[in-house]
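Each chain, written out:
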There are 2 protein chains.
Amino acid sequence: MTHEDSGPSPSVSLGPDASRRSDRARRAILVATRDLVADVGYSRLTIEGIAATAGVGKQTIYRWWRSKAAVLFDAILDAHSHEGSVALPNTGDLETDLRLLLRGTVAALTDPSNDRLQRAIIAEIQTDSSIADELVRRLLRPQFDACAARIAVGVQSGQVDESVDTDLAVELLFGPIFHRWLLRTGELNDVFADNVLDKVLTGLRPR
Amino acid sequence: MTHEDSGPSPSVSLGPDASRRSDRARRAILVATRDLVADVGYSRLTIEGIAATAGVGKQTIYRWWRSKAAVLFDAILDAHSHEGSVALPNTGDLETDLRLLLRGTVAALTDPSNDRLQRAIIAEIQTDSSIADELVRRLLRPQFDACAARIAVGVQSGQVDESVDTDLAVELLFGPIFHRWLLRTGELNDVFADNVLDKVLTGLRPR
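Calculation rules
Residues numbered from 1 in each chain as written. Chains lettered and ligands numbered in written order. Predicted model: local features only at pLDDT ≥ 70, side-chain atom pairs only at ≥ 80, totals over all residues. Heavy atoms only, no water. Contact = heavy atoms within 4.5 Å. Buried area = accessible area lost by both parts, 1.4 Å probe. Polar contact = N/O pair within 3.5 Å; in protein donor to acceptor, adjacent residues only side chain to side chain. Helix = DSSP H or I, 4+ residues; strand = E, 2+ residues; numbered from the N terminus. Least-squares fit on C-alpha atoms with pLDDT ≥ 70 in both. Buried < 20%, exposed > 50% of the residue type's maximum accessible area, 1.4 Å probe, protein only. Salt bridge = Lys/Arg side-chain N within 4 Å of Asp/Glu carboxyl O. 1 Å grid on protein atoms, 1.4 Å probe; cavity = no way out; pocket = protein on both sides within 12 Å on 5 of 7 lines; lining within 4 Å. Points joined across faces, edges and corners; volume = space filled by probe spheres on them. Nonpolar A, V, L, I, M, F, W, Y, C, P; charged D, E, K, R; others polar. Phe/Tyr/Trp six-rings, centres within 6.5 Å; stacked < 30°, edge-to-face > 60°. Lys NZ or Arg CZ within 6 Å of the ring centre and 35° of its normal. Bend = angle between axes of the 7 residues up to and from the residue. Expected span 1.5 Å × (residues − 1).

Comments concerning the interface of chain B and chain A
Part 1: Contacts between the two partners involve 36 residues from chain B and, on the opposite side, 36 residues from chain A.
Part 2: Surface buried jointly by chain B and chain A totals about 3400 Å² across both partners, of which 65% is contributed by carbon and sulfur atoms.
Part 3: Looking at the side of chain B facing chain A, the largest losses of area belong to B:Gln126, B:Glu171 and B:Lys199, adding up to 21% of the total buried there.
Part 4: Summed over the shared surface of chain B and chain A, the number is 16 residue pairs in polar contact (both at pLDDT 80 or more).
Part 5: Sorting the residues of the side of chain B that touches chain A by element identifies helix H6 (112-127), helix H7 (129-156), helix H8 (166-183) and helix H9 (190-204) of chain B as the ones contributing at least two each.

Quick notes on the relation of the copies chain B and chain A
Mapping between the two copies of the chain is achieved by a rotation about an axis and a shift along the axis.
Part 1: For the pair chain B and chain A, the best superposition has an RMSD of 0.1 Å and corresponds to a rotation of 180° with a translation of 0.0 Å parallel to the axis. This pairing of chains is accounted for by a two-fold axis.
Part 2: Of all interface residues in chain B, 100% are interface residues in chain A too; the two copies therefore contact each other through one and the same surface.

Side note on the environment of B:Asp78
All names here are of chain B.
Part 1: With respect to the helices and strands, Asp78 occurs in helix H4 (residues 68-79).
Part 2: By relative accessible area, Asp78 is classed as partly exposed at 25%.
Part 3: Each C-alpha atom, one on Asp78 and one on Arg34, is 9.8 Å from the other, the two residues being 44 residues apart in sequence.
Part 4: At 3.2 Å, the side chain of Asp78 and the side chain of Arg27 are in polar contact.

A closer look at the pattern of salt bridges
Part 1: According to the stated counting rule, one finds 30 salt bridges over all chains in the structure shown.
Part 2: One salt bridge connects B:Arg180 with A:Glu171, and the closest N-O pair in it is separated by 2.5 Å. In this pair, B:Arg180 sits in helix H8 while A:Glu171 sits in helix H8 (residues 166-183), so the two residues belong to two different chains.
Part 3: Residue class for A:Glu171 comes out buried when judged on its relative accessible area of 5%.
Part 4: For the salt bridge of B:Asp78 with B:Arg27, the shortest nitrogen-to-oxygen distance reads 3.2 Å. Of this pair, B:Asp78 sits in helix H4 while B:Arg27 sits in helix H1 (residues 16-40), placing them 51 residues apart in sequence.
Part 5: Overall, the relative accessible area of 44% leaves B:Arg27 in the partly exposed class.
Part 6: Salt bridges here are not isolated pairs; linked through shared partners, they connect A:Glu95, A:Arg99, A:Arg103, A:Asp190, A:Asp194 and A:Arg205.

Let's talk about empty space enclosed by the protein
Part 1: Counting across every chain of the model gives one cavity of 30 Å³ or more.
Part 2: Its boundaries defined by the atoms lining it, the largest cavity holds a volume of some 50 Å³.
Part 3: Lining the largest cavity, in full, are A:Leu172, A:Lys199, A:Val200, A:Gly203, A:Leu204, B:Leu172, B:Lys199 and B:Val200.
Part 4: When residues of the lining of the largest cavity are traced back to their parent elements, those giving at least two are helix H9 (190-204) of chain A together with H9 of chain B.
Part 5: Top contributing element to the lining of the largest cavity by residue count: H9(A), with four residues.
Part 6: Grouping the amino acids of the lining of the largest cavity by side-chain chemistry returns five nonpolar, one polar and two charged.

Considerations on the layout of surface pockets
Part 1: Estimated volume of the largest pocket: approximately 570 Å³.
Part 2: Considering the residues around the largest pocket, the lining is formed by 24 residues, among which A:Ala123, A:Thr127, B:Tyr42, B:Ser43 and B:Ala123 are closest to the centre.
Part 3: Only helix H6 (112-127) of chain A together with H6 of chain B provide two or more residues apiece to the lining of the largest pocket.
Part 4: With seven residues, H6(B) is the largest single contributor of residues to the lining of the largest pocket.
Part 5: Residues that form the lining of the largest pocket fall into these classes: seven nonpolar, seven polar and ten charged.

Side note on the packing of aromatic side chains
The description of an aromatic ring pair uses the distance of the two centres, along with the angle that the planes make with each other.
Part 1: Counted by the stated rule, this structure contains six aromatic pairs over all chains.
Part 2: With a centroid separation of 5.8 Å and an interplanar angle of 70°, the aromatic rings of A:Trp64 and A:Trp65 are classed as edge-to-face. Each member of the pair A:Trp64 and A:Trp65 is classed as buried.
Part 3: Ring-pair connections join several aromatic residues into one group, and the members of that group are A:Phe144, A:Phe174 and A:Phe178.
Part 4: Here A:Arg180 stacks its cationic end above the ring of A:Phe192, 3.8 Å away from the centre of that ring.
Part 5: Residue placement shows B:Lys68 over the ring face of B:Tyr42; its charged tip is 4.1 Å from the ring centre.

Concerning unusual backbone geometry
All names here are of chain A.
Part 1: One non-glycine residue with positive phi stands out, namely Arg184, at about 55°.
Part 2: In this structure, Arg184 sits in the loop between H8 and H9.
Part 3: Judged by relative accessible area, Arg184 falls into the partly exposed class, the value being 25%.

Digging into helix H7 (residues 129-156) of chain A
Residues spaced three or four apart along an α-helix point in a common direction, a consequence of the helix completing one turn every 3.6 residues.
Part 1: If you look at H7(A), its biggest bend is around 50°, right at A:Leu140, and the proline A:Pro142 turns up within four residues after that.
Part 2: A positive backbone phi angle near 80° is found at A:Gly158, which sits one or two residues after H7(A).

As for the side chain of B:Thr185
Part 1: Its location among the elements puts B:Thr185 in the loop between H8 and H9.
Part 2: Residue B:Thr185 is classed as buried on the basis of its relative accessible area of 9%.
Part 3: If near-sequence neighbours (up to four positions away) are discounted, B:Thr185 is found in contact with A:Val136, A:Arg141, A:Phe144, A:Glu171, B:His179 and B:Arg180.

A look at H9(A)
Part 1: The terminal C-alpha atoms of H9(A), which comprises 15 residues, lie 21 Å apart, in line with the 21 Å expected from a rise of 1.5 Å per residue.
Part 2: By the burial criterion, the buried members of H9(A) are A:Phe192, A:Ala193, A:Val196, A:Leu197, A:Lys199, A:Val200, A:Leu201, A:Gly203 and A:Leu204.
Part 3: Contacts from the buried residues of H9(A) go to helix H5 (94-110) and H8 of chain A together with H8 and H9 of chain B.

Spelled out as structure tokens, the structure:
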């Protein structure tokens, strides 16, 4: 067993050099995966191709990930550095803060360099519900919870009716944005995001 | 060329028998496709399998459809008999009518016998935007337009503010429903649909 094959979480018996090499190999694999999906698309992505681009052996990849979809998923998570520590701005004005959030979501979804990667994972979760659960738990839920927490502050400050379920409010905001992106029903831009926000907030105001 | 290979829209030179045979073959192919996707899943669906199940030659399928995805898509359209002639109930009460519509959508999306078929097409449109365009144009748009038309009647009867963009209102209603289904963020049921409707309608009421 070579050092490169020791896995992303090396045991304590490995020295610092082996651990660094292992981290480097892992990063190279994830970057190669993102680059290849952007270049050739997910359907033509192969473990062989990732290994060649990353400069590692195929077995290194098979040892750390159970499938092409699993590598893809970690490559996406790795690209989202905010994972696990999401916090929204709090300018004191709920509409301003949510506008920033929704426009940021629109920008991320419509970024051409991420398009194939993001759509590949959406396609994948339609048939693999364990990947879906992980996507929700590790990537989406932290963002939704941060949004819900910001809305809860809005309830306290009297900008949102106290009867509002903050989790529902989050889906009212994100739902139409993802709907347009996922089903390709129309152009997804800031104007659309602002209009969604305006109508949803009207429905949430104190009665 | 045999009669069975003449295509779903036979030319006038074919007699009524050939036309009937052609229609029967087409229907058998679409039913076989739906059954096979429900049984084995889209990824294991093959043109050979469809041909065998439908009792037609493989070449018949290749002559009428350019890909597995194209057959799948027609199989889904064929299962939606309301295509092209969608009309919403009009009881006079907008909330009642929209509740029926949203609950119907929830029922259709969560129907176990349709789950694999519907998710297969969602996965497919992530990489094939021509199929996406067709899905929107032939299946989703007629439903969205019917919903928008019902909301427009609500504007006239004073139940919805006259400033409301009816197309936006449709995406506010359907967005969270599809969001929950597509991203598997939580349980999709009537309670969720009713809550979405309540908040969205509050945001649309005359000010």
